[in-house]
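So you can see what is in the structure, the chains are spelled out below.
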Amino acid sequence: MSTPHHPIAIVGGGLGGLTLARVLHVNGVEAAVLDLDASPAARTQGGMLDIHEDSGQPALRAAGLYEEFRALVHPGGESTRVLDRTGTVLVDDPDDGTGGRPEVDRGQLRDLLLGSLPEGTVRWGAKVTGARPLDGGRHEVTLADGTSFTTDLLIGADGAWSKVRPLLSDAKPAYVGISFVEVDLPDADVRHPVSAEVVGGGMMMALGAGKGFLAHRETDGSLHIYVALAVPEDAFDGVDFTDTEAGKAYTLGHFADWDKSLRALLADADGPLTPRHIHALPTGHRWERVPGVTLLGDAAHLMSPFAGVGANLAMFDGAELGEALAAHPGDTAAALAAYEEKLFPRSEESAAESAANGILMFGEDAPQGMLDFFAGMGG
């Protein structure tokens, strides 16, 4: 049997890869998207995203999906609160409808992008295990099921632990010193009214030195909580987070002197606790141009989530790359050079902002750093 060939292969069916596929489709260029998940519903897609005016929104316009996106916006989702460990509200910035970062459910946004692609664009259950260069800028990509394919243009949109990145760079993500424990409070207004009141209509940050609670109200009425801890990378090694009560006891031990209303965000959580270490690539990560391959999103510039730009940048990368390829038909080298020339400084600036915000949020004087930040924005 001959080896299948895809002129353009996008590894990763997240927001960035799907945005790229959609922008290419709008411009009359077809691509294959390979995703390791067995189906679109194989796993939950995470919580709320604020879609920025200078990145995510232009990407959706380029994809021809801006109006459909607006229909998904969560009313009131842009409201923001900052509390200290006593539960005192220090910043309460309501959503008056004039903000530039409307909130949407990540899963709904992904479904919108998936539904906009021709049937069969995404190959589900296609887990890439590696790739090697061939002649003329082509690559051979191997899959976990033992099959392989070739491609003229290989695009790594496959996240933090990208299998495509080693073709371009030796860089590996490193732990940033912060870990999350994620929990959910379903049907919060009825079942957890105190927590619902604490979080409010959008995003809430309760911050202290080296720790805090970050929470979002989701479109289904649940609260998604990120419990943040500045701990060594191996701090969770002896904790069995599959034992919900043991996981709660360990995590709550870091908040013994915090207000009961904040501790309840974790203590009253339903279902499993999900531990998550936060990693980042070096700020300013870049590579020398290699024929026939490039990266976007976390594969290119994984950063901490503390500037809230990761998904927006991935979508913007996808749109920019799609438009560059459409603008240089038959000249992939020129398209990739033009794309990367803008990608590198853009991602370096955002990665630096994310790292700086992490210090503001969890520094020794927290939450003062974030209060100063909001004061500087006039918020």
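In what follows, the structure referred to is the one given above.
Reference entry: report on the structure contained in this document. Residue numbering note: each chain is counted from 1, following its sequence as written. Since the coordinates come from a predicted model, pLDDT governs what is reported: local features require at least 70, and pairs of side-chain atoms require 80 or more to be given and counted, while whole-chain, interface and lining totals use all residues. Processing note: side-chain calculations cover all non-hydrogen atoms of the structure and skip hydrogens and water entirely.

1. Some words on the sheet that holds strand E11 (residues 174-185)
Consideration 1: Two strands pair under a simple rule: DSSP has to find at least two bridges between them. We count a stretch as a helix when DSSP gives it H or I for four or more residues in a row; a strand needs E for two or more, and each element gets its number in order from the N terminus. One open sheet accounts for seven strands, arranged E5-E4-E12-E13-E14-E11-E15; its pairing is mixed. In the strand order of this sheet, the two ends are held by strand E5 (89-93) and strand E15 (270-280), each with one partner. For this sheet the average axis-to-axis angle between neighbouring strands, irrespective of direction, equals 15°.
Consideration 2: Its contacts with the sheet put helix H8 (residues 260-267) on strand E4 (80-83), E11, strand E12 (203-208), strand E13 (211-217), strand E14 (223-229) and E15, and the angle it makes with E13 is roughly 70°.
Consideration 3: With respect to the sheet, helix H11 (residues 332-362) is in contact with E11, E12, E13 and E14, its orientation differing from that of E12 by roughly 65°. The axes are straight lines fitted to the C-alpha atoms, using for helices just the contacting stretch, and the angles between their N-to-C directions are given from 0 to 180°. Any two residues whose heavy atoms approach within 4.5 Å at even a single point are treated as in contact.

2. Things to note about the nonpolar core
Consideration 1: The biggest cluster of nonpolar side chains holds 57 residues, and the ones touching the most others in it are Ile 10, Leu 109, Ile 155 and Leu 321.
Consideration 2: Leave out the neighbours within four places in its chain, and Leu 109 touches Leu 15, Leu 49, Ile 51, Leu 60, Leu 72, Val 104 and Met 315.
Consideration 3: Nine residue types can take part in a nonpolar core, namely buried Ala, Val, Leu, Ile, Met, Phe, Trp, Tyr and Cys, and a core is a set of them joined through side-chain atoms within 4.5 Å. Partly exposed describes any residue whose relative accessible area lies between the buried limit of under 20% and the exposed limit of over 50%, with all areas from a 1.4 Å probe on protein chains only and scaled to the type maximum. Within the second largest apolar cluster, 29 residues are counted, among which are Val 198, Phe 236, Leu 252 and Leu 266.

3. Comments concerning helix H10 (residues 310-327)
Consideration 1: In this model H10 runs 26 Å from its N-terminal to its C-terminal C-alpha over 18 residues, within 8% of the 26 Å that 1.5 Å per residue would give.
Consideration 2: For H10, the buried fraction is high: 13 of the 18 residues fall into the buried class. A helix is expected to span 1.5 Å multiplied by its residue count minus one.

4. A look at helix H1 (residues 15-26)
Consideration 1: Along its 12 residues, H1 runs 16 Å from first to last C-alpha, staying within 8% of the 16 Å computed at 1.5 Å per residue.
Consideration 2: Where H1 ends, the next residue or the one after it, Gly 28, has phi of about 80°, a positive value.

5. Some words on the pattern of salt bridges
Consideration 1: For this document, the term salt bridge refers to a Lys or Arg side-chain nitrogen within 4 Å of an Asp or Glu carboxyl oxygen. Following the criterion strictly, the structure yields 12 salt bridges and no others.
Consideration 2: One salt bridge connects Asp 35 with Arg 110, and the closest N-O pair in it is separated by 4.0 Å. With Asp 35 in the loop between strand E2 (32-34) and strand E3 (48-50) and Arg 110 in helix H4 (residues 106-115), this residue pair connects regions lying 75 residues apart in the sequence. For the residue pair Asp 35 and Arg 110, the accessibility class agrees, reading buried in each case.
Consideration 3: For the salt bridge of Asp 317 with Arg 346, the shortest nitrogen-to-oxygen distance reads 2.9 Å.

6. A look at the pairing of strand E10 (residues 148-156)
Consideration 1: With seven of nine residues buried, E10 is to be regarded as a mostly interior element.
Consideration 2: Here strand E1 (residues 5-11) runs beside E10; their pairing, made up of six bridges, is parallel. Following the sheet pairing, Ile 10 is matched in E10 by Ile 155.
Consideration 3: Sheet topology note: the strand E9 (residues 139-143)/E10 ladder contains four bridges and is antiparallel. Looking across to E10, one finds that His 139 is bridged to Thr 151.
Consideration 4: When E10 meets strand E16 (residues 293-295), the two strands line up parallel, connected through three bridges. Each bridged residue has a counterpart across the sheet, and for Gly 156 the counterpart in E16 is Leu 295.

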